[in-house]
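Analysis of the macromolecular model
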Amino acid sequence: MRATQLSYLEPRQADEVIVNVASVPQRSPFRYPGGKTWLVPYVRRWLGSLPDHPAIFIEPFAGGAIISLTVAFERLAQHVLMVELDDQVASVWQIILSDDAAWLAKRIANFQLTPENVEKVLSTPAHQLRDKAFQTILKNRINRGGILAPGAGKIKHGEAGRGLASRWYPGTLRKRILSISAIRERLTFIHGDGLEVMRQHAQNSEAVFFIDPPYTAGGKRAGRRLYTHSELDHVALFQLANQLAGDFLMTYDEAPEVRDLARRFGFHVETVAMKSTHHAKMRELLIGRNLDWLR
Ligand SMILES: C[S@@+](CC[C@H](N)C(=O)[O-])C[C@H]1O[C@@H](n2cnc3c(N)ncnc32)[C@H](O)[C@@H]1O
């Protein structure tokens with residue numbers, strides 16, 4: 001198991017057995033800060049508890065989009081809509097869902113990762129979207145923590161002294177990109193504001209929403225250095241969630257402001273435990289109208 005892989009604890013198990021997320025298929029080409037691989041088994045359970053198969057699954061803050069990809073691959077909804085504001089992240093999704101997916105897969109497979117080649121690629125202005133997508137994947141793999149926001153540092157020593165190449169798995173990335181491309185008719189990507197897209201689908205009772213915003217409620221810093229777009233009107237997000245005709249599941253970090261907001265709108269809150277080998281046991285919040293499926 002790689003050092004930063006996350007494990008999750010099954011909810012409400014008295015003995016808190018730690019299940020390895022290695023059992024969850026990794027489908028995203030990103031290593032994403034705040035990525036939700038550990039939540040995959042919960043989302044399967046949530047969607048399985050709904051009376052109807054959702055017509056559309058919407059992830060308004062998609063990032064590395066592991067949840068959306070899982071829903072699409074496992075056909076847990078008829079269609080999946082991912083939204084992301086960051087233009088670097090967006091370029092990758094746009095290219096993977098376009099006819100240039102094979103170009104990107106090949107570019108990655110053929111790239112010789114040396115410090116000189118990295119420097120050359122990253123210092124050349126990307127004139128085409130597909131060049132930007134390649135730069136983004138490269139940065140995501142060589143920056144510490146996969147952080148793409150300004151100020152992110154590069155991996156120095158990495159695993160087993162592999163340095164910059166520690167997280168560069170070209171064969172795996174190629175396969176993931178081609179697999180997503182093969183099911184692209186099930187996926188739509190919008191480069192835009194997640195709140196706006198939620199508003200557009202608010203009346204659709206056949207839509208469900210998985211909402212994983214940057215964790216900046218209550219002035220928290222955690223989300224600030226991780227993402228270029230970290231400012232969010234959290235009150236507006238809760239108001240909007242309250243207006244959705246379809247069901248939703250929201251995740252947040254533990255913060256009194258978040259619990260207050262949930263209380264104000266009458267949402268249910270549960271804590272789930274997760275653990276990484278880097279961090280001590282951490283808790284995140286699941287928020288929804290009805291979380292009985294967790295029991
Ligand atoms: C916690 S991360 C999502 C992680 C994702 N669930 C995953 O598993 O990889 C939050 C994301 O929201 C994006 N974001 C911030 N504000 C946004 C907005 N108004 N609309 C859409 N995306 C936004 C950030 O760029 C970041 O990628």
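Residues numbered from 1 in each chain as written. Predicted model: local features only at pLDDT ≥ 70, side-chain atom pairs only at ≥ 80, totals over all residues.

**Topic: the overall build of the protein chain**
When helices and strands are tallied, the protein chain shows eleven helices and nine strands. Counting every position in the protein chain, which comprises 295 residues, the buried fraction comes to 37%. Considering only residue pairs separated by 6 or more positions, the protein chain has 66% of its internal contacts joining residues 24 or more positions apart. (Helix = DSSP H or I, 4+ residues; strand = E, 2+ residues; numbered from the N terminus. Buried ≥ 20, exposed ≤ 12 C-beta atoms within 10 Å, placed from the backbone. Contact = placed C-beta atoms within 7 Å.)

**Some thoughts on the site of the ligand**
In the region of the ligand, 25 residues are neighbours, and Gly-34, Phe-61, Gly-63, Gly-64 and Gly-194 sit closest. Contributing elements (two or more residues each) for the shell around the ligand: helix 2 (66-73), strand 4 (79-84) and helix 8 (194-200). Each residue belonging to the shell around the ligand can be placed in one class, and the counts come to 14 nonpolar, six polar and five charged. (Near = placed C-beta within 6 Å. Nonpolar A, V, L, I, M, F, W, Y, C, P; charged D, E, K, R; others polar.)

**Some details on the packing of helix 4 (residues 101-110) against helix 6 (residues 129-142)**
Close contact between helix 4 and helix 6 brings their axes to 10 Å; oriented N to C, the two are set at 45 degrees. It follows that helix 4 is oblique to helix 6 by the angle criterion. As helix 4 runs across helix 6, the sense of the crossing is right-handed. Residues Trp-103, Leu-104, Arg-107 and Ile-108 of helix 4 lie in contact with helix 6, whose contacting residues are Arg-130, Ala-133, Phe-134 and Ile-137. Tallied by class, the residues present in the contact of helix 4 with helix 6 amount to six nonpolar, no polar and two charged. (Axes fitted to C-alpha atoms, helices over the stretch in contact; angles between N-to-C directions. Parallel < 35°, antiparallel > 145°, perpendicular 65-115°, else oblique. Left-handed = near helix turned anticlockwise from the far one by under 90°.)

**Quick notes on the nonpolar core**
Core analysis: the biggest nonpolar cluster contains 69 residues, and Val-43, Met-82, Leu-104 and Phe-209 have the highest contact counts within it. Ranked by the residues each element gives to this core, the list is headed by helix 3 (residues 87-96), at six residues. Counting only domains with at least three residues in this core, you end up with domain 1 (1-85 + 192-295) and domain 2 (101-184). When sequence neighbours within four positions are dropped, the list of residues in contact with Val-43 reads Ile-67, Thr-70, Phe-210 and Leu-249. (Core = buried A, V, L, I, M, F, W, Y, C linked by C-beta atoms within 7 Å. Domains from an automatic or database assignment.)

**Considering unusual backbone geometry**
Positive phi is not limited to glycine here, since Ala-65 has a value of about 60 degrees. Within the secondary structure, Ala-65 sits in the loop between strand 3 (56-59) and helix 2. In this structure, Arg-75 takes a positive phi of about 50 degrees despite not being glycine. You can see Arg-75 is positioned in the loop between helix 2 and strand 4.

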